[in-house]
Amino acid sequence: MRAQERGLIEIAAINIRDFAPGKHRVVDDLPFGGGEGMLMKAEPIIRAIESRKQLGKISRVILLTPQGKRFQQEIARELSGWEQLILVCGRYEGVDERVREHFIDEEISIGDYVLNGGEVAALVVVEAASRLIPGVLGNEASAQNDSFSQGLLDYPQYTRPRELRGIPVPEVLLSGHHQHIELWRKKEALRRTWERRPEFLKQRELGEEDRRILEEIKRTDR
Ligand code: 4FV
């Protein structure tokens, strides 16, 4: 909202039905070859895309679909660099294949589950990409130090009160000793990543210190 007011981003919701011919403005039809449900017709979608391309911005046309590549932080970073994202949100069983083949640059899935429509998936992409545009977030730093941007899961964080129903905050965080705090945070981020998303550690170039800390975690956790 604030980013829109400050002109950093502009969001327009386009109704595909506004590009459907005839008084009934039909946007869906039966699939050739039979089968369950209805399919979105190509022409109204194509006209809607072309209506936004006419604005002359360097645009990327994206279809939100379970068949797309899995959305992740790196893709959000890439998309945040485009002048215009045209996010096509399907309904029913999906869209005519000729739209994908000839009018879509990239297919993205937000996860292996089926939604009623692509709109919610588009909102996820808008949120994740727009917050990486300089000036959109209050403090830039937080986007830089995001989860995943370092290739690790976040370390545990605490705030007041120091003692919550008898549960203390790790002493090191109250020590004011920045090196010790940094080391503890690195260790906990490596531990959490190793426990929950070990595949991230394979993708990440581990420095000498990371490897030493990880060996220690594996030893102590064994
Ligand atoms: C979806 C997803 C998704 C499939 C049929 C819309 C629905 C309906 N989009 N990631 N998962 N889309 O389930 O992006 O047309």
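Preceding this section is the structure that the text describes.
A few words now on the overall build of the chain. Of regular secondary structure, the chain possesses 9 helices and 7 strands. Its C-alpha radius of gyration of 23 Å places the chain more than 25% over the 17 Å reference for a compact globule of 222 residues. Across its three principal directions, the C-alpha atoms of the chain cover 70 × 45 × 40 Å. A buried classification covers 34% of the 222 residues belonging to the chain.

For the rest of this paragraph, the subject is helix H9 (residues 208-221). With 14 residues, H9 extends 20 Å from end C-alpha to end C-alpha; this agrees with the ideal 20 Å at 1.5 Å per step. Looking only at H9, the buried set comprises Asp 210, Ile 213, Leu 214 and Ile 217. In a view along the axis of H9, the buried residues occupy a sector of 100°, so they form one face of it. Turned more than 90 degrees off the buried face of H9, the exposed positions are Glu 208 and Arg 219. The elements touched by buried residues of H9 are helix H7 (178-196) and helix H8 (198-203).

Turning our eyes to something else, we now look at the layout of surface pockets. Leftover empty space is mapped by rolling, across the atoms, a probe with the size of a water molecule. The calculated volume of the largest pocket comes to roughly 1,100 Å³. Contributing to the lining of the largest pocket are 37 residues, with Ile 11, Ala 12, Leu 85, Ile 86 and Leu 87 lying nearest its centre. Counting only elements with at least two residues in the lining of the largest pocket, the list comes to helix H2 (42-53), strand S4 (84-89) and helix H5 (119-130). Its residues assigned to classes, the lining of the largest pocket shows 26 nonpolar, 4 polar and 7 charged. Lining of the second largest pocket is provided by 18 residues; of these, Gln 72, Gln 73, Glu 74, Phe 148 and Phe 200 occupy positions nearest its centre. Considering every element that reaches the lining of the second largest pocket, the biggest residue donor is helix H3 (residues 73-79), with 4 residues.

What follows concerns the nonpolar core. Grouped together as the largest cluster of nonpolar side chains are 16 residues, with contacts concentrated most on Ile 45, Ile 49, Val 88, Val 99 and Ile 104. For this core, the elements supplying multiple residues, two or more each, are H2, strand S3 (59-70) and S4. Sort the elements by how many residues they give to this core and H2 lands first, with 5 residues. In this view, Ile 104 contacts Ile 49, Val 61, Ile 62, Leu 63, Val 88 and Val 99; residues no more than four positions away in its chain are not counted.

Right, let's talk about the site of the ligand for a bit. Around the ligand, the surrounding shell holds 18 residues, and the nearest of these are Tyr 92, Ile 110, Gly 111, Tyr 113 and Leu 115. Between an oxygen atom of the ligand and a main-chain N or O atom of Arg 91, the distance comes to 3.1 Å. Here the ligand has 370 Å² of accessible area as a free molecule, and 94% of this is covered by the chains. Of all the elements in the fold, those that place two or more residues in the shell around the ligand are S3 and strand S5 (106-109). Element by element, the count of residues in the shell around the ligand is highest for S3, at 3 residues. When the residues that make up the shell around the ligand are grouped by side-chain class, the tally is 9 nonpolar, 8 polar and 1 charged.

Conventions used here
Within each chain, residues carry numbers counting from 1 in the order of the written sequence. Only residues with pLDDT of at least 70 are given local features in this predicted model, and only at 80 or more are side-chain atom pairs given and counted; all residues enter the totals for whole chains, interfaces and linings. As a rule here, side-chain values cover all heavy atoms of the structure and leave hydrogens and water aside. Put simply, DSSP H or I for four residues or longer makes a helix, DSSP E for two residues or longer makes a strand, and each gets a number counted from the N terminus. C-alpha atoms define the radius of gyration, and 2.2 Å times the number of residues to the power 0.38 defines the globule rule. Relative accessibility under 20% of the residue-type maximum defines a buried residue, over 50% an exposed one, and the middle range a partly exposed one, all with a 1.4 Å probe and only protein chains included. In a helix, the anticipated span is given by 1.5 Å times the number of residues less one. It is the directions from the helix axis to the C-beta atoms that the arc portrays. Should any heavy atoms of two residues lie within 4.5 Å, those residues are considered in contact. Definitions used for this entry: grid spacing 1 Å over protein atoms alone; cavity, a set of points where a 1.4 Å probe fits but cannot get out; pocket, an open set with protein on both sides within 12 Å along at least 5 of 7 lines; lining residue, one with an atom within 4 Å of a point. Grid points are joined across faces, edges and corners, and a volume is the space filled by probe spheres set on the points. Only Asp, Glu, Lys and Arg are considered charged, only Ala, Val, Leu, Ile, Met, Phe, Trp, Tyr, Cys and Pro nonpolar, and every remaining residue, Gly among them, polar. As used in this record, nonpolar core signifies buried Ala, Val, Leu, Ile, Met, Phe, Trp, Tyr and Cys residues forming a set joined through side-chain atoms within 4.5 Å. In this text, near means that some heavy atom of the residue lies within 4 Å of the molecule or strand in question. Counting of polar contacts relies on pairs of N or O atoms within 3.5 Å, with two restrictions inside protein: one atom must be capable of donating a hydrogen and the other of accepting it, and residues adjacent in sequence are counted only when both atoms are side-chain atoms. Only the protein chains shown count as cover for residues, and all accessible areas are computed by the Shrake-Rupley method using a 1.4 Å probe.

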